[in-house]
Amino acid sequence: VNHAAATGTGTGVLGDTKTLNTDSYSSGYYLRDITKPMYSTGGKIETYTANYGTALPGTLLTDADNVWTDRAAVDAHYYAGKTYDYYYNKLGRNSFDNRGATMKSTVHYSRNYNNAFWNGTQMVYGDGDGRQFTSLSGALDLVAHEITHAVTERTAGLVYEYQPGALNESFSDVLGNLVENKNDPKWLLGEDVTTPGIAGDALRSMSNPNEYDQPDHMNEYRNLPNTREGDWGGVHINSGIPNKAFYNFVTTPGITKDNAGKIWYRALTQYLTSYSQFIDARNATIQAATDLFGANSLEATAVANAWASVGVG
Ligand SMILES: O=C(O)[C@H](CCc1ccccc1)CC1(C(=O)N[C@@H](Cc2c[nH]c3ccccc23)C(=O)O)CCCC1
Ligand SMILES: [Zn+2]
């Protein structure tokens, strides 16, 4: 029996109902999306469970009647598809490697695991402890954050330390929020899965990095050691500075989210390299805006102003 694309339904982490692209096989349904353009060269989106262990990828999820109740798996699968669609339709990129690589996600990693990560090969999501986090695949900005690490790895290759690492982090937060595309004036990160018992908070804020103890200007740059305790030179801390620059840019009157995304993506994939510093990101985004919209365009001028406002350039 050959594979056949099927449409299932599932309940997400926040209790919402979603339709899912699944794969009907002789004995049932697999949590495998074979509807994307990348399927022409064998690319799929597959979602696995680690069954609360740490062996990866774990077991490909199956279901007998195509009605899916594993909430973390439903969102990991659906949001991976949404992220593929954004990169393909808005930026012309065919999966994270631009060659239609299969996207694999694993949920229920370990126990009460309050984090998520891209491990160089796949996405991995913990379920949280129910206080600090709920299942981390329940946030589209977070899923797209992880997948963007894969894009960065295969393009600029920004090393995960000091300023290049903070840029790596910032590009993931920026693309994460662009893919999520909420009308969120605060441009928050992870708001859907942080502290399920508290409304309105988040992991980070791009509009006001200080709210979550991140700097929002070079004169607040945190010189931290390149150790785990030092967050590898503060990659999740100093990312507040480029995040604020992007926020200032995208909220400039006349700038659209789509155009902002094209500029940041072009800078990441055409100009930045492993050890790029904040000043290089400023120059790269100005160059990308110039390439796409012209030297004296609103975009190019607004990019320069946005970086200057955080003390870069
Ligand atoms: O992708 C990343 O940058 C983060 C990857 C963290 C990680 C790295 C290596 C092995 C395991 C985990 C995961 C995310 C993150 O920003 N984590 C931060 C904040 C954080 C989440 N859970 C935590 C628990 C304790 C302390 C900090 C955190 C971190 O790990 O610093 C991204 C979006 C949300 C989670
Ligand atoms: Zn990250």
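These remarks concern the structure in this document. Keep in mind it's a predicted model, so treat the numbers as computed, not measured. The numbers attached to residues start from 1 for each chain and follow its sequence in the written order. Here chains are named by letter from A upward and ligands by number from 1 upward, in the order in which they appear as written. It should be noted that, the model being predicted, local features are given only for residues of pLDDT at least 70 and side-chain atom pairs only at 80 or more, the latter also being counted only at that level, while totals for whole chains, interfaces and linings use all residues. Derived side-chain values reflect all non-hydrogen atoms in the structure, with water molecules and hydrogen atoms excluded from consideration.

Some thoughts on the coordination of the zinc ion (ligand 2)
Only nitrogen, oxygen and sulfur atoms qualify as donors, and only when within 2.8 Å of the metal (3.2 Å in the case of Na, K and Ca); with water excluded, sites may look incomplete. At this site the zinc ion (ligand 2) is bound by His145 (NE2), His149 (NE2) and Glu169 (OE), with donor distances of 1.9 to 2.0 Å. All donors of the zinc ion (ligand 2) belong to a single chain; written as a sequence motif, their spacing is H-x3-H-x19-E. Residue His149 is located in helix α2 (residues 140-153), and its partner Glu169 is located in helix α3 (residues 162-180); the two are separated by 20 residues in the primary sequence. Side by side, His149 and Glu169 carry an identical accessibility label, which is buried. Numbering of helices and strands starts at the N terminus; helices are DSSP runs of H or I of at least 4 residues and strands are runs of E of at least 2. To sort residues, take the accessible area from a 1.4 Å probe on protein chains only and compare it with the maximum for the residue type: under 20% means buried, over 50% means exposed, and anything in between is partly exposed.

Remarks on the pairing of strand β2 (residues 17-25)
For two strands to pair, DSSP has to find at least two bridges joining them. Examined bridge by bridge, strand β1 (residues 4-11) and β2 share 8 bridges and lie antiparallel to one another. What sits directly across from Ala4, in β2, is Ser24. Hairpin remark: β1 followed by β2, antiparallel, with 5 residues in the connecting loop; positive phi at Gly15, about 85°. Taken together, the 3 bridges between β2 and strand β3 (residues 28-30) define a ladder with antiparallel strand orientation. Across the sheet, the residue bridging to Ser24 is Tyr29, located in β3.

Let's talk about the layout of surface pockets
Using only the protein atoms, space was sampled on a 1 Å grid; points where a 1.4 Å probe fits but cannot get out form cavities, open sets with protein on both sides within 12 Å along at least five of seven lines form pockets, and lining residues are those with an atom within 4 Å of a point. Grid points are joined across faces, edges and corners, and a volume is the space filled by probe spheres set on the points. In this structure, the largest pocket spans a volume of roughly 780 Å³. When contributions to the lining of the largest pocket are tallied by element, the ones reaching two or more residues are β10 (116-118), α2 and α3. Tallying contributions element by element places α2 first for the lining of the largest pocket, with 6 residues. A breakdown of the residues in the lining of the largest pocket according to their chemical character gives 13 nonpolar, 11 polar and 6 charged. Under the grouping applied here, Gly and all other residues not named as nonpolar or charged are polar, the nonpolar ones being Ala, Val, Leu, Ile, Met, Phe, Trp, Tyr, Cys and Pro and the charged ones Asp, Glu, Lys and Arg.

Topic: the environment of Asn248
Along the chain, Asn248 falls in helix α5 (residues 240-250). Apart from residues lying up to four places away in sequence, Asn248 is in contact with Ala306, Ser309 and Val310. Residues are treated as being in contact if the distance between any of their heavy atoms lies within 4.5 Å.

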